[in-house]
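Residues per chain are reported as follows:
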Amino acid sequence: MTNKDFEKFLDTSDEWIETRTGIKSRHIVPRDKHVAASELGAKAAGIAMKRAGIDPDQIDGIICATFTPDSFFPSTACRIQAILGCSCSFAFDISAACAGFIYALSNANALIVAGNASNILVVGSEVISKTLDWTDRSTCILFGDGAGAVLMQASEQNGRGVLSTYMASDGTLGDILMLPSWGEKRTMKMKGNEVFKHAVRMMSDASLRALEMAGINMEQIDLFIPHQANIRIIQSVADHLSIPDEKVVLNLQKYGNTSSASIPLALDEVWNMGLIKEGTKVLLTALGGGVTVGSSIIRF
Ligand code: ACO
């Protein structure tokens, strides 16, 4: 769905959307068909397993980050398990909105380090289009549907893997970005300016903390993959952290804000471009409704 498509039913323009957000198009599941987050997530997870050369019966667990689950229960992760035919010990969802992928990654890492699992699928999958008020021009133009996945595996090799994860939340900011459950009109509500302000501050702070925890400095980071919400938020965070443009990974122009899917989608793209090599250090950061924030440093 392009920005031009919105001009047909909203008082907006391609120029306004691109200038204020950096977004040019986004992918939307068919409106007349039920497409669940588990369907998209299972596709992504299946590709991740194939690339890693891992069979479904080798998967110990599935963690799915999503704020658009198939149902309150069973979890989207359990549905993904059923679709893929994995013989897991555990499968569960994480609700941390746009920071969900980093929370999921952090949980998976902790389970692996504790010796509870060797192979964990970490999935971010969203069908956000089902939650949007298509008459609210300041919100519906921002989002897209999508899924991404990584396979995390235990390794004896020193210095590789998740070097640090930092997570924080501030529940007092809950009403700046929310999707109500029952009893209310179920569409997303957002105070865009407020989200913008807190996103820049909290994502910058979380990134610095993750660097400190890993004991490395910004110059040692090869790629910066921020949650893809708005080009101006990303540029402000990159400026705060003095990260040069060539290290900043951007794909929101094609997908919009896909919440928990945005970081694994970007990881897939840089992997396909050959930018991930042994030793590559990547800084991830995201902020989402809650408010939740997280940053992680991975050394491949
Ligand atoms: N087309 C045209 N005009 C619009 C549109 C639109 N789609 N949307 C809003 N406007 C108008 C407003 O009505 C307002 O008009 P007014 O001055 O007559 O009142 C004017 O544009 C300016 O509105 P602002 O809200 O001040 O515009 P701003 O530059 O802040 O951009 C935006 C709005 C894009 C929502 C921005 O605040 C933003 O991106 N915030 C972050 C929100 C976000 O990313 N949320 C995602 C979840 S959290 C996360 O992922 C980090």
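Please read all numbers here as calculations on a predicted model, not as lab measurements.

J.: Before we go on, may I ask you to explain the overall build of the chain in this structure?
T.: When its secondary structure is counted, the chain shows nine helices and 10 strands. By the compact-globule yardstick of 19 Å for 300 residues, the chain fits well, its C-alpha radius of gyration being 18 Å. Viewed in the frame of its principal axes, the chain has a C-alpha envelope of about 55 × 45 × 40 Å. Looking at the chain alone, contacts between residues at least 24 apart form 73% of all its contacts between residues at least 6 apart. Of the roughly 13,600 Å² of accessible surface on the chain, a fraction of 51% belongs to carbon and sulfur atoms. Seen as two clouds, the 27 positive and the 32 negative side-chain charges of the chain have centres 3 Å apart.

J.: What's the story with the pairing of strand β8 (residues 223-226) in this structure? I'm lost.
T.: Successive side chains on a regular strand alternate, one facing one side of the sheet and the next facing the other. The two faces of β8 match: Leu-223 and Ile-225 on one face and Phe-224 and Pro-226 on the other face are all buried. Here β8 runs beside strand β9 (residues 281-288); their pairing, made up of four bridges, is parallel. Each bridged residue has a counterpart across the sheet, and for Pro-226 the counterpart in β9 is Thr-285.

J.: So what exactly am I meant to see when it comes to the environment of Cys-64 here?
T.: Topologically, Cys-64 is positioned in strand β1 (residues 61-65). Beyond its immediate stretch of four places on either side in the chain, Cys-64 contacts Thr-76, Ala-77, Ile-80, Phe-92, Asp-93, Ile-94, Val-123 and Ser-125.

J.: Teacher, can you tell me more about the pattern of salt bridges here?
T.: Pairing is possible between side chains that carry opposite charge, provided their charged atoms lie close to one another. By the definition in use, this model includes 10 salt bridges. Salt-bridge contacts for Arg-137 lead to Asp-11; the nearest nitrogen and oxygen are separated by 3.5 Å. Taken as a pair, Arg-137 in the loop between β3 (119-126) and β4 (146-153) and Asp-11 in the loop between α1 (3-7) and α2 (14-21) lie far apart in primary sequence, 126 residues in all. What makes Arg-137 partly exposed here is its relative accessible area of 47%.

J.: Honestly, the domain arrangement of the chain in this entry has me stumped. Any pointers?
T.: As assigned here, the chain comprises domain 1 (3-153) and domain 2 (161-299). Taken together, the contact between domain 1 and domain 2 spans 44 residues of the former and 46 residues of the latter. For the pair domain 1 and domain 2, the summed buried area comes to about 3,400 Å², and 64% of that belongs to carbon and sulfur atoms. A salt bridge links Arg-51 to Asp-268; its shortest N-O distance comes to 2.7 Å. For the pair domain 1 and domain 2, the interface holds 19 residue pairs in polar contact (both at pLDDT 80 or more). Contributing elements (two or more residues each) for the side of domain 1 that touches domain 2: α2, α5 (100-113), β3 and β4.

J.: Can you help me understand the site of the ligand in this one?
T.: As a matter of local geometry, the ligand sits amid 23 residues, with Thr-12, Arg-20, Asn-193, His-227 and Asn-230 nearest to it. One of the side-chain N or O atoms of Asn-193 is found 2.6 Å from an oxygen atom in the ligand. His-227 is positioned with one of its side-chain polar atoms (N or O) 2.8 Å from an oxygen atom of the ligand. Calculation on the ligand without its partners gives an accessible area of 1,000 Å², and the protein chains cover 75% of this total. Listed by contribution, the elements that provide at least two residues to the shell around the ligand are α2, α6 (192-214) and α7 (231-240). Per-element accounting of the shell around the ligand gives the leading share, four residues, to α6. The residue makeup of the shell around the ligand, split by class, is 11 nonpolar, eight polar and four charged.

J.: Looking at this structure, I do not really get the layout of surface pockets. What am I missing?
T.: Empty space among the atoms can be located by rolling a probe the size of a water molecule over them. Here the largest pocket defines a volume of roughly 1,400 Å³. Every residue lining the largest pocket is counted, 43 residues in all, and those nearest its centre are Ala-149, Val-150, Leu-151, Met-152 and Phe-300. Looking at the lining of the largest pocket, the elements with two or more residues in it are α3 (37-52), α5, β4, β5 (161-169), α9 (262-272) and β10 (292-299). Ranked by residues supplied to the lining of the largest pocket, first place goes to β4 with eight residues.

J.: Sorry, what's going on with a nonpolar patch on the surface here?
T.: Residues Phe-72, Phe-73 and Trp-182 make up a contiguous nonpolar surface patch of about 500 Å² in total accessible area. Structurally, Trp-182 can be placed in the loop between β6 (177-178) and β7 (189-190).

J.: Please explain α9 as it appears in this structure.
T.: The periodicity of an α-helix, 3.6 residues per turn, causes residues three or four positions apart to be oriented the same way. Here α9 lies mainly inside the structure; eight of its 11 residues are buried. Of the residues making up α9, those classed as buried are Ser-262, Ile-263, Pro-264, Leu-265, Ala-266, Leu-267, Glu-269 and Val-270. On the buried face of α9, the contacting elements are α5, β4, β8, α8 (252-255) and β9. A positive phi of about 80° marks Gly-274, the residue just after α9.

J.: Explanation requested: the sheet that holds β4 in the structure shown.
T.: Strand pairing in a sheet takes place through backbone hydrogen bonds and is either antiparallel or parallel in direction. If you walk across this open sheet you meet the four strands as β2-β1-β3-β4, and the pairing is mixed. Each of the sheet's edge strands pairs with one partner strand only, and the pair in question is β2 (90-94) and β4. Geometrically, the sheet is characterised by an average inter-axis angle of 15° between neighbouring strands, direction not taken into account. As defined by bridge partners, β1 adjoins β3 across five bridges and the pair is classed as parallel. Paired with Ile-62 across the strands is Leu-121, a residue of β3.

Rules of the game
Residues numbered from 1 in each chain as written. Predicted model: local features only at pLDDT ≥ 70, side-chain atom pairs only at ≥ 80, totals over all residues. Heavy atoms only, no water. Helix = DSSP H or I, 4+ residues; strand = E, 2+ residues; numbered from the N terminus. Rg over C-alpha atoms; globule rule 2.2 N^0.38 Å. Contact = heavy atoms within 4.5 Å. Areas by Shrake-Rupley, 256 points an atom, 1.4 Å probe, with all protein chains shown as cover. Lys, Arg positive; Asp, Glu negative; His and termini not counted. Charge placed at Lys NZ, Arg CZ, Asp CG, Glu CD. Buried < 20%, exposed > 50% of the residue type's maximum accessible area, 1.4 Å probe, protein only. Pairing = 2+ DSSP bridges. Salt bridge = Lys/Arg side-chain N within 4 Å of Asp/Glu carboxyl O. Domains from an automatic or database assignment. Buried area = accessible area lost by both parts, 1.4 Å probe. Polar contact = N/O pair within 3.5 Å; in protein donor to acceptor, adjacent residues only side chain to side chain. Near = heavy atom within 4 Å. Nonpolar A, V, L, I, M, F, W, Y, C, P; charged D, E, K, R; others polar. 1 Å grid on protein atoms, 1.4 Å probe; cavity = no way out; pocket = protein on both sides within 12 Å on 5 of 7 lines; lining within 4 Å. Points joined across faces, edges and corners; volume = space filled by probe spheres on them. Patch = residues over 30% accessible without salt bridge, like charges linked within 9 Å, V, L, I, M, F, W, Y side chains within 5 Å. Axes fitted to C-alpha atoms, helices over the stretch in contact; angles between N-to-C directions.

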